Amino acid sequence: FRLIFNQIQNFHQKSKFYKNYNRFWVINNSKPLIDKLNVINTRKKAKEISTFDFSTLYTKLPHENLIEVLNYHIDFAFNGGSKKYLGFCGNSVFWKKSKSGKSTLSRNDLKFLVRYLITNTYCIVGNLMIRQSIGIPMGIDPAPFWANLYLHRYEEIFISSQMSVNKVRARKFIHATRFIDDECNLNDCGEFSRSYREIYPKELELKCEHQGTHATFLDIDITIVDGLFIYKLFDKRDDFPFSIVRMPDLTGNIPDHVFYGSVMSEFLRIARCTLKLSDFIPRAQILLKRMLTQGGSEMMLLRQIRKAMSRHPEPFEKFATGPIEIINKILD
C-alpha cells in the first residue's frame, strides 16, 4: 500500500489540470507544511491557522465502507498504467506486466487479501476469542496507509464537487494538510471548520485544537506576527515535569559515528523547523550542552555542526548569517 499511496500522491502532484486546487492533503512529515508557510511569507499574507484532530479514526470505520474505499484506490492504481500485476521480492514491491512466478498479485488477489485481513482480526481476552467487527485493525503495517487513503477519498470527493459548483470555496483549501489524523489549515477563513461535517462520514469525530493566530502541528510551533508565519521547533517533552532521555549516549555500547551523526541530523532538523535565528540559537545551545553531558567532545560536536552547514546550506540561508558567526553565537 506504500506503492499505491505513492502512485496516487504522484498523480495529484503532477496533474497540471488541478494546479489551482488541492485534492491531496496528505503529508508524511512537516516539510510540505513548512514549504507552504514560506510561500505565504514571501507575500506577508499570513492571516490565520487552525488545527483539528480525529478522535475516532481507527475505531469507528465500518468495515464494508473501508473495504469499498480501499477497493476504489486499488482500481485507481491498477488502471493508471500498462502493468497489471504487483510483484514482490523481500521488502521490494513493483509493477509487472505478466503474472509469472508465485510472488505476484492481481488486483482481485489484492482486494481479497484486504477484505480477509480487515474482517479476520481476532484478539483473546481471558477465555474469550473476539473478532473485530468495526474499525481498522491496529498495529498492522498497512494501517496508516489505509487511514490516509480512506480520509483522502472523502477529501477528494468534496474538493472535486466544489470545483464544479463553487470554485472560490474549493480554492480555500489550497493550503490544507493532514498527517494521518491531524489536520492543519492556513488562511482558509474558517472554511474547514464550517465544512468538515460535509467532507467526512458522520462516524468520524473531529476536535478543534487551535484556531486563530497560534497553533502547534507535528513538530512545529507557529505564530502569526505582522503577516508572517513565525515557526520554530516544538517538542511537547519540553513541558514534561521530569527529565527525558534523548539522543544517544557515548557511555552506551554504540559506535562513535552513530553518536556524532545523530547530532548532525538533529542540528539540521532544528534549522529546517525554525524561521528566525533568535529561535534557532537557544535550541542549538541546548542540543550542544546535552550531547556534551552525554559524553561528546566539543571539537567533534562542532565539526558536525560545521558539516551540517556546509553539506546542507539551504536550511541556514534564511538566517542571513555566516557559519562562523552562527557557531560563535551557539558557543556564547
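Heads up: the structure comes first, above all this text.
Residues numbered from 1 in each chain as written. Predicted model: local features only at pLDDT ≥ 70, side-chain atom pairs only at ≥ 80, totals over all residues. Heavy atoms only, no water.

Draft legend 1. Molecular detail of helix 13 (residues 323-331). Among all positions in helix 13, only I326, I327 and I330 are buried. The buried residues of helix 13 occupy an angular sector of 95° when the element is viewed end-on, so they sit on one face. Residues of helix 13 that are buried in the fold lie against helix 9 (256-272), helix 10 (277-293) and helix 11 (298-311). (Buried < 20%, exposed > 50% of the residue type's maximum accessible area, 1.4 Å probe, protein only. Helix = DSSP H or I, 4+ residues; strand = E, 2+ residues; numbered from the N terminus. Arc of directions from axis to C-beta. Contact = heavy atoms within 4.5 Å.)

Draft legend 2. Looking closely at the environment of A320. Tracing the backbone through its elements, the reader meets A320 in the loop between helix 12 (314-317) and helix 13. A320 sits in the exposed class, given a relative accessible area of 72%.

Draft legend 3. Geometry of the side chain of R246. Inspection of the secondary structure assignment puts R246 in the loop between strand 12 (228-233) and helix 9. Of note is the side chain of R246, whose polar atom sits 3.0 Å from the side chain of D238. With residues up to four places along the chain from it excluded, the contact list for R246 reads D235, R237, D238, R290 and Q294. (Polar contact = N/O pair within 3.5 Å; in protein donor to acceptor, adjacent residues only side chain to side chain.)

Draft legend 4. Spatial organisation of a nonpolar patch on the surface. There is a patch of nonpolar side chains on the surface, built from F112, L113 and Y116 and spanning about 350 Å² of accessible area. Within the secondary structure layout, F112 lies in helix 5 (residues 107-119). (Patch = residues over 30% accessible without salt bridge, like charges linked within 9 Å, V, L, I, M, F, W, Y side chains within 5 Å. Areas by Shrake-Rupley, 256 points an atom, 1.4 Å probe, with all protein chains shown as cover. Salt bridge = Lys/Arg side-chain N within 4 Å of Asp/Glu carboxyl O.)

Draft legend 5. Expanded view of the pattern of salt bridges. Here the structure, examined in full by the defined rule, presents 20 salt bridges. Notably, a salt bridge pairs E203 with K202, separated by 3.7 Å at the nearest N-O pair. The exposure class of E203 is partly exposed, given its relative accessible area of 27%. The exposed category is assigned to K202, whose relative accessible area is 77%.

Draft legend 6. Expanded view of the sheet that holds strand 12. Read across the sheet, three strands follow the order 10-11-12 without closing on themselves; strand pairing throughout is antiparallel. Among the strands making up the open sheet, the edge pair consists of strand 10 (214-217) and strand 12. When strand polarity is set aside, the average angle formed by the axes of neighbouring strands in this sheet is 25°. By the bridge criterion, four bridges tie strand 10 to strand 11 (residues 220-225) in an arrangement that is antiparallel. Paired with A215 across the bridge in strand 11 is I222. Packing of helix 2 (residues 31-43) onto the sheet brings it into contact with strand 10, strand 11 and strand 12, and relative to strand 12 it is tilted by some 145°. (Pairing = 2+ DSSP bridges. Axes fitted to C-alpha atoms, helices over the stretch in contact; angles between N-to-C directions.)

Draft legend 7. Here's a closer look at the nonpolar core. The biggest cluster of nonpolar side chains holds 48 residues, and the ones touching the most others in it are L57, F192 and Y200. No other element matches helix 6 (residues 143-165), which puts eleven residues into this core. What Y200 contacts, discounting residues up to four positions off in sequence, is W25, F54, L151, Y154, E155, R178, F192 and L206. (Core = buried A, V, L, I, M, F, W, Y, C linked by side-chain atoms within 4.5 Å.)

Structural measurements only, silent on function.
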